[in-house]
Amino acid sequence: MPSTREQSPAERRKAWIARSFDLASDSYDEANGPFFNPVGERLVDLAGLRPGDRVLDVGCGRGAVLFAAVAAVGPDGYVAGVDLSPAMVRRTAAQAAGAGLRNVSVRVGDAEDPGFPDGSFEAVLSSFSLVLTPDPAAALARARRLLAPDGRFGTTSFGPDPEPAWREAVRVLRDFADPEAAGAYARPFNALADDPEGMLAAAGFAGVRTVEGTTATEFADLDAWWRSAWADGHRGVLETIPPDRREEARRAACAVVAPLAGSDGRLVRRTAVRWTIARRG
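The structure displayed is predicted, hence computed values, not measured ones. (Residues numbered from 1 in each chain as written. Predicted model: local features only at pLDDT ≥ 70, side-chain atom pairs only at ≥ 80, totals over all residues. Heavy atoms only, no water.)

## Focus on helix α4 (residues 86-98)
Note that an α-helix has 3.6 residues per turn; residues three or four places apart therefore point the same way.
Then, in step 1: Compared with the 18 Å implied by 1.5 Å per residue over 13 residues, the 18 Å span of α4 between its first and last C-alpha is a close match.
Then, in step 2: Of the positions making up α4, those classed as buried are Ala87, Met88, Val89, Thr92 and Ala96.
Then, in step 3: As for α4, its buried residues are in contact with α1 (9-24), α2 (28-47), α3 (66-73), β2 (78-83) and β3 (104-108).
Then, in step 4: Where α4 terminates, the next one or two residues include Gly100, which has phi positive at roughly 70°. (Helix = DSSP H or I, 4+ residues; strand = E, 2+ residues; numbered from the N terminus. Expected span 1.5 Å × (residues − 1). Buried < 20%, exposed > 50% of the residue type's maximum accessible area, 1.4 Å probe, protein only. Contact = heavy atoms within 4.5 Å.)

## Describing the pairing of β2
Then, in step 1: The buried count for β2 comes to five of six residues, which makes it a mostly enclosed element.
Then, in step 2: The pairing of strand β1 (residues 54-58) with β2 spans five bridges and is classified as parallel. Residue pairing for β2: Leu56 is matched across the bridge by Ala80.
Then, in step 3: Bridging between β2 and β3 involves five bridges; their strand directions are parallel. For Asp83, the partnering residue across the bridge sits in β3 and is Val108. (Pairing = 2+ DSSP bridges.)

## Brief notes about unusual backbone geometry
For residues that are not glycine, phi is negative in most cases, and the peptide bond is trans in most cases.
Then, in step 1: The backbone of Phe128 sits at a positive phi, close to 55°, despite the residue not being glycine.
Then, in step 2: Note on placement: Phe128 falls in the loop between β4 (121-127) and α5 (136-146).
Then, in step 3: Unlike most non-glycine residues, Asp150 shows phi in positive territory, near 65°.
Then, in step 4: The residue Asp150 is located in strand β5 (residues 147-158) in this model.

## Concerning the environment of Asp53
Then, in step 1: Position of Asp53 among the secondary structure elements: in the loop between α2 and β1.
Then, in step 2: In the structure, Asp53 is positioned 25 residues away from Tyr78 in sequence and 6.5 Å away in space, judged by C-alpha atoms.
Then, in step 3: Sequence-distant contacts of Asp53, defined by excluding residues within four places in its chain, comprise Gly48, Val73, Gly77, Tyr78, Glu122 and Arg152.
Then, in step 4: Engagement of the side chain of Asp53 in a polar contact is seen with the backbone nitrogen of Arg50, the distance being 2.9 Å.
Then, in step 5: In terms of polar contacts, Asp53 uses its side chain to reach the side chain of Arg152, at 3.1 Å. (Polar contact = N/O pair within 3.5 Å; in protein donor to acceptor, adjacent residues only side chain to side chain.)

## A closer look at the sheet that holds β5
Then, in step 1: Here seven strands make up an open sheet; going across it, the order is β3-β2-β1-β4-β5-β7-β6 and the pairing mixed. The strands lining the two open edges of the sheet, one partner per strand, are β3 and β6 (206-219). Ignoring strand direction, the axes of neighbouring strands in this sheet form an average angle of 15°.
Then, in step 2: Sheet analysis places β5 next to strand β7 (residues 267-279), joined by seven bridges and oriented antiparallel. What sits directly across from Thr156, in β7, is Trp275.
Then, in step 3: Where α3 meets the sheet, its contacts fall on β1, β2 and β3, and the angle it forms with β2 comes to roughly 170°. (Axes fitted to C-alpha atoms, helices over the stretch in contact; angles between N-to-C directions.)

## A word on the environment of Ala261
Then, in step 1: Mapped onto the secondary structure, Ala261 falls in the loop between α12 (246-257) and β7.
Then, in step 2: On the basis of relative accessibility, which here comes to 26%, the residue Ala261 falls in the partly exposed class.
Then, in step 3: Spatially, the C-alpha atom of Ala261 lies 9.3 Å from that of Phe219, the residues being 42 residues apart in sequence.
Then, in step 4: Excluding residues within four positions of it along the chain, Ala261 makes contact with Arg266 and Leu267.

## Let's talk about the packing of helix α10 (residues 222-229) against α12
Then, in step 1: For the pair α10 and α12, the least separation of the axes is 11 Å and the interaxial angle reads 115°. Handedness of the α10/α12 crossing: right-handed. For the pair α10 and α12, the contacting residues are Leu222, Asp223, Trp225 and Trp226 in the first and Arg246, Arg250, Ala253, Cys254 and Val257 in the second. (Left-handed = near helix turned anticlockwise from the far one by under 90°.)

Here you go:
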């Protein structure tokens, strides 16, 4: 990021994303993998990856798509992952190396310019990442150029929230956070989140289709949900809550979602997900 001039809004946005996920990287997969990993696996399945395919995972995080893609393409395929967060990249690369995966590379990279030649991949996938980038049109245009002829593209986004209490809990937390950070998260997603099919069609993709579904994530109790909130993209906002007010913030947010708990204290969060798939065209 620039050090000799003021950052642009897009640069500030990317720096904020990178820092948030850096902070969450140590517990991200443990706390939130039960949600993100099955969604990533479904995206890989819908994209129809084949043995030997070359795949790019944009915004790879802790590998929800990346490791499912490796299994799908087999030893003759290749999977690259890029992410804005250096800490996410280090942990995911270490996991791949620890598993002895020789056909995987993970590096710091930007969705708007991942740094690969045109036509490098049979598939470009991105789960809950392109909805964060400041310029989704540029990211989609680049993704299309990276695809080989008739290559496949797939992305995920959130559908309408079936349980508004979870969204309200986040709004309550923003009231305790630094106003600038809270403002950055007030509108976390870009236009791709609102109209994935329209944006893909505008970018020149063909055969665009969306599969909708609802996932269920279980939390043993309110404390488990609170830990998960500190282990995802909210982390950058939560870190700005003054330490002497964090317990107050936790109680206020938990009070919003507590009515959703069952008699045993367990909570189930239902999340609407959209898987949007297309061809290069």
